[in-house]
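One-letter residues, chain by chain:
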Amino acid sequence: MNPEQTSSFAPIIAALENQQVIAYPTEAVFGLGCDPDSEQAVKQLLALKQRPWEKGLILIAADYAQLAPYIDDGVLNEQQRAAIFASWPGPVTWVIPAKPQTPALLTGRFNSLAVRVSDHPLVQQLCRQFGKPLVSTSANLSGEEPCRTVAEVQQQFGDAFPVLVGNVGGRLNPSEIRDALTGELIRQG
């Protein structure tokens, strides 16, 4: 980790704490993220993306414990849990039943939530320093290609947009999405 990357965490954490949307590198593209517990920040992210709230969002985390407040782990059997843990940290997103108190802005029209434990070192560090998961959706304006560099993020969202400086991982496609209860493939990775 070079000093430039380490020093860039403080303003990003401050932006998250101030209910702002940020951009950060993930395994394949830059993600847009915010505090999942801030209704203001989530609404801002949905407006930026021109994304209907009904679609639901993904939470990205440093570890499974960060996701526990949002998902109903009790409905998973050992086999389902083993399948999830075998793929994490990594580029597989699992749709897991949500706890009743999980905000509808996160779950959308569903009673489940899409969650992922990332293996990207900057995402890991960001979630650890912030102390919780982040909302995660690809960093691009509606109709534009997802950003793969800091320059592309600044081109689409402006020079003042808070961006965690770093490189995306080597993956070409966004994360695979699977149903945790059935194992069914929802989106190819």
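Taking an unreviewed UniProt entry as the reference, the protein chain is identified by name as Threonylcarbamoyl-AMP synthase belonging to Serratia fonticola. Check the Subcellular location (unreviewed entry) section of the UniProt entry for the protein chain; it says "Cytoplasm".

Asker: Please explain helix α8 (residues 150–157) as it appears in this structure.
Answerer: One turn of an α-helix holds 3.6 residues; hence residues three or four places apart share an orientation. Along α8, the residues classified as buried are Val150, Val153, Gln156 and Phe157. Projected down its long axis, α8 shows its buried positions confined to an angular sector of 130°, all on one face. Two residues or fewer after α8 comes Gly158, characterised by a positive phi angle close to 100°.

Asker: Where do I start with unusual backbone geometry in this structure?
Answerer: Note: most peptide bonds trans; most residues except glycine with negative phi. Pro89 follows Trp88 through a cis peptide bond whose omega is -10°. Counting through the fold element by element, Pro89 comes out in the loop between α5 (78–87) and β4 (92–97). Phi at Gln19 is positive, roughly 60°, even though this residue is not glycine. Positive phi outside glycine occurs at Gln50, with the angle close to 55°. The class for Gln50 is exposed, based on a relative accessible area of 63%.

Asker: Explain the pairing of strand β7 (residues 176–179) here, please?
Answerer: As a general feature of sheets, a regular strand has side chains that alternate between the two faces. Inspection of the sheet shows β4 paired to β7 by four bridges, in the parallel sense. Following the sheet pairing, Trp94 is matched in β7 by Arg178. Here two bridges tie β7 to strand β8 (residues 185–187), and the two strands are oriented antiparallel to one another. The residue of β8 that forms the bridge with Arg178 is Leu185. The turn joining β7 and β8, which pair antiparallel and follow one another in sequence, is formed by five residues; a positive phi near 80° is taken by Gly183.

Asker: Before we go on, may I ask you to explain the pairing of strand β3 (residues 58–61) in this structure?
Answerer: In β3, alternate side chains face the same way, and those of Ile58 and Ile60 on one face and Leu59 and Ala61 on the other are all buried. Bridging between β3 and strand β5 (residues 112–117) involves four bridges; their strand directions are parallel. Note on β5: the bridge partner recorded for Ala61 is Val117. Here three bridges tie β3 to strand β6 (residues 134–138), and the two strands are oriented antiparallel to one another. If you follow Ile60 over to β6, its bridge partner there is Leu134.

Asker: Just to check I follow, could you spell out the sheet that holds β6 for this structure?
Answerer: Remark on secondary structure: sheet strands pair via backbone hydrogen bonds, oriented parallel or antiparallel. Sheet architecture is open: eight strands sit in the order β1-β2-β6-β3-β5-β4-β7-β8, paired in mixed fashion. The sheet is open, and its two edges are formed by β1 (22–25) and β8, each paired on a single side. Neighbour-to-neighbour, the strand axes of the sheet open up by a mean angle of 40°, direction not taken into account. Relative to strand β2 (residues 30–33), β1 is paired through four bridges, and the arrangement is antiparallel. What sits directly across from Ile22, in β2, is Gly33. Of the strands in this sheet, β2 and β6 are in contact with helix α3 (residues 39–49), which crosses β6 at around 0°. This element, helix α7 (residues 121–130), spans β1, β3, β5 and β6 of the sheet and lies at about 135° to β1.

Rules used throughout
- Residues numbered from 1 in each chain as written.
- Predicted model: local features only at pLDDT ≥ 70, side-chain atom pairs only at ≥ 80, totals over all residues.
- Heavy atoms only, no water.
- UniProt positions renumbered as here; feature names shortened; annotations may be inferred.
- Buried < 20%, exposed > 50% of the residue type's maximum accessible area, 1.4 Å probe, protein only.
- Helix = DSSP H or I, 4+ residues; strand = E, 2+ residues; numbered from the N terminus.
- Arc of directions from axis to C-beta.
- Pairing = 2+ DSSP bridges.
- Axes fitted to C-alpha atoms, helices over the stretch in contact; angles between N-to-C directions.
- Contact = heavy atoms within 4.5 Å.

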